[in-house]
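Coordinate inspection notes
Listed here are the chains, written in short residue letters.
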Amino acid sequence: MVLSAQVKLLDYIDRHLASYTQQWQLLTQQQLNNTDTPYSQQFLTTLATHLPENERQNLMVSKQYDYAELRRAAPRTLLFYHCYQPKTSLLQPLTHVASLLSALDACQNSMGSLPINIQWLFDTSNTTARMEEWATLAPDHCICYHPAETGVGNTQTPILALGTKGYLRIELEVHTLTSTIGSMHGGIAPDALWRLLWALGTLKDAREDILIEGFYDTLTFVQDDMLAQLRTLPDTTAKLTQHWDLPQLLMGLQGFQLHYAHLLLPTCTVSSITHTPVPTSTANIQTEIALSGQAKAQVDFYLVPDQEPQDIFRKLHAHLQKQGFSDVQMRILSASRPLSTAVDDPLIQRAIAATEKAYEQKPFLLPTTVGSYTPSPLWMKDGTPIVFMARNELNSMRDEDAFASMIKHIALLIEGIAHGTNTAQ
């Protein structure tokens, strides 16, 4: 029964692909002609107009918060979460929007009605801070679209990730002086910038090992099947060194070791340092630079699954205390938890099966994303299955085959979740 439903669904998409492609191109052209209107608003407007009249009463749209929900009397709810930075190329997100609309139409017409509740959320830089009502969403499954920064490079192979890294940005601050003291007195007066540099120097060694006590304690052993997946990834060493204009990557990493470090290891990076030297005139013939009375640094951590931002913050505080830097003040500027879904979770298995059927090839399966794209903790329940999708395989508006595969992929996922199966042929 499920197999015949899939055949019917895919046949419907093939027969209506021309109209879906036309809608994709029209949506993209409208956005390019009206860049003042976010593509999320284009989607919400188009969604409302394309739904059958009897379904519009089930649609709730909150344009203020870039959110829509099509709620029916269905036992399962699937959330499509779009996470894009402001500088993201419009081609990818607009194609995701168009493929979602097309898959929705195909499911409705081939199945008679949508078999699950569907939510859409477009995350912007200030959305998570505003939308307290997200706490009521609580989806059963989540599909996350994120920028195609996967470490795999541009490839025609679809990419799925089982999770995303967490993120922790901490500000460290040192105060040493309240009055202006010239740098000539640096042999007897403290300098805040030097004090901060010494503290930062205790965090990591020259081999890139992070020296915070207990930092790696919660990391779990990587399963053999995931290591085998990493060995199938293309070696992007040459592309990365050329793109970044580097003679080589850190530690000469390449191939499997490159992907292991990129995807499975946490990072610690000093992203900025500022200080406040004050110039003061001396002897009317020169300008003497003052010692720094205050210095600040921002330190970024990208965390892998099982590392909690608050735990890392506490360990960093304890580390600085133990190293003799109790005067260094700390505060969290930004934090998000890493997320991970087991490879044997039904959502992951359905996503893999839908990918193989829609694209007629196996996807690259990554343990996590390179960056951090964690959905807001305001609404994401602990343990909610989530799969992250990057769309490297689409390179132009004329790539109709890739667009058709994207539609089929989404439609098969909706059908599979509705029927509780990952059957693929």
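Anyway, here's the lowdown on the structure attached to this text. (Residues numbered from 1 in each chain as written. Predicted model: local features only at pLDDT ≥ 70, side-chain atom pairs only at ≥ 80, totals over all residues. Heavy atoms only, no water.)

1. A look at the sheet that holds strand β12 (residues 294-303)
Keep this limit in mind: Two strands are said to pair when DSSP picks up at least two bridges between them. For the purposes of this entry, the term helix denotes a DSSP run of H or I that reaches at least four residues, the term strand denotes a run of E that reaches at least two, and both are numbered from the N terminus. Throughout, an axis means a line fitted to C-alpha atoms (over the contacting stretch in the case of helices), and angles, computed between N-to-C directions, take values from 0 to 180 degrees. Note on contacts: a residue pair is in contact if any heavy atoms of the two residues lie within 4.5 Å.
Overall, antiparallel pairing links the 4 strands, which are arranged β9-β12-β8-β13 in an open sheet. Two strands lie at the open edges of the sheet, namely β9 (267-275) and β13 (329-336), each paired on one side alone. Adjacent strand axes in the sheet meet at a mean angle of 15° when their direction is disregarded. As defined by bridge partners, strand β8 (residues 166-175) adjoins β13 across 7 bridges and the pair is classed as antiparallel. The partner of Glu 173 across the bridge, within β13, is Gln 329. On the sheet, helix α7 (residues 192-200) packs against β8, β9 and β12 and is oriented at approximately 20° with respect to β12. Helix-sheet contacts for helix α11 (residues 309-322) involve β8, β12 and β13, and the interaxial angle to β13 is about 160°.

2. Remarks on the packing of helix α8 (residues 224-231) against helix α10 (residues 255-264)
Formally: When an angle is under 35 degrees it counts as roughly parallel; over 145 it counts as roughly antiparallel; between 65 and 115 it counts as roughly perpendicular; any other value is oblique. Handedness of each helix crossing follows the sense of rotation of the near helix against the far helix: counterclockwise by less than a right angle gives left-handed, clockwise gives right-handed. Side-chain classes follow a simple rule in which Ala, Val, Leu, Ile, Met, Phe, Trp, Tyr, Cys and Pro form the nonpolar group, Asp, Glu, Lys and Arg form the charged group, and the remainder, Gly included, forms the polar group.
Between α8 and α10, the shortest axis-to-axis distance is 9 Å and the interhelical angle comes to 120°. By the angle class used here, α8 and α10 are oblique. The two elements α8 and α10 cross, and the hand of that crossing is right-handed. Between α8 and α10, the contacting residues are Leu 227, Leu 230 and Arg 231 on the first element and Phe 256, His 259, Tyr 260, Leu 263 and Leu 264 on the second. Residues that form the contact of α8 with α10 fall into these classes: 6 nonpolar, 1 polar and 1 charged.

3. Things to note about the side chain of Ser 405
What counts is decided by this rule: We call a residue buried when its accessible area falls under 20% of the maximum for its residue type, exposed when it is over 50%, and partly exposed in between, using a 1.4 Å probe and counting protein chains only.
With respect to the secondary-structure elements, Ser 405 resides in helix α13 (residues 400-419). Given the relative accessible area of 12%, Ser 405 is considered buried.

4. Description of the packing of helix α12 (residues 346-359) against α13
Two elements in contact, α12 and α13, have axes separated by 8 Å at closest approach and are oriented at 140°. The angle between α12 and α13 places the two elements in the oblique class. The hand of the α12/α13 crossing is right-handed. Contacts between α12 and α13 involve Leu 347, Arg 350, Ala 351, Ala 354, Thr 355, Lys 357, Ala 358 and Tyr 359 from the first element and Ser 405, Met 406, Lys 408, His 409, Leu 412, Leu 413, Gly 416 and Ile 417 from the second. Of the residues assigned to the contact of α12 with α13, the class counts are 9 nonpolar, 4 polar and 3 charged.

5. Here's the deal with the sheet that holds strand β5 (residues 141-145)
If you walk across this open sheet you meet the 8 strands as β1-β2-β4-β3-β5-β16-β6-β15, and the pairing is mixed. Of all strands in the sheet, those with a lone pairing partner are β1 (59-62) and β15 (364-366), marking the two edges. Taking each pair of neighbouring strands and ignoring which way they run, the sheet shows an average axis angle of 15°. Across 4 bridges, the pairing between β1 and strand β2 (residues 67-70) is antiparallel. In the sheet register, Met 60 faces β2, and the bridge partner there is Glu 69.

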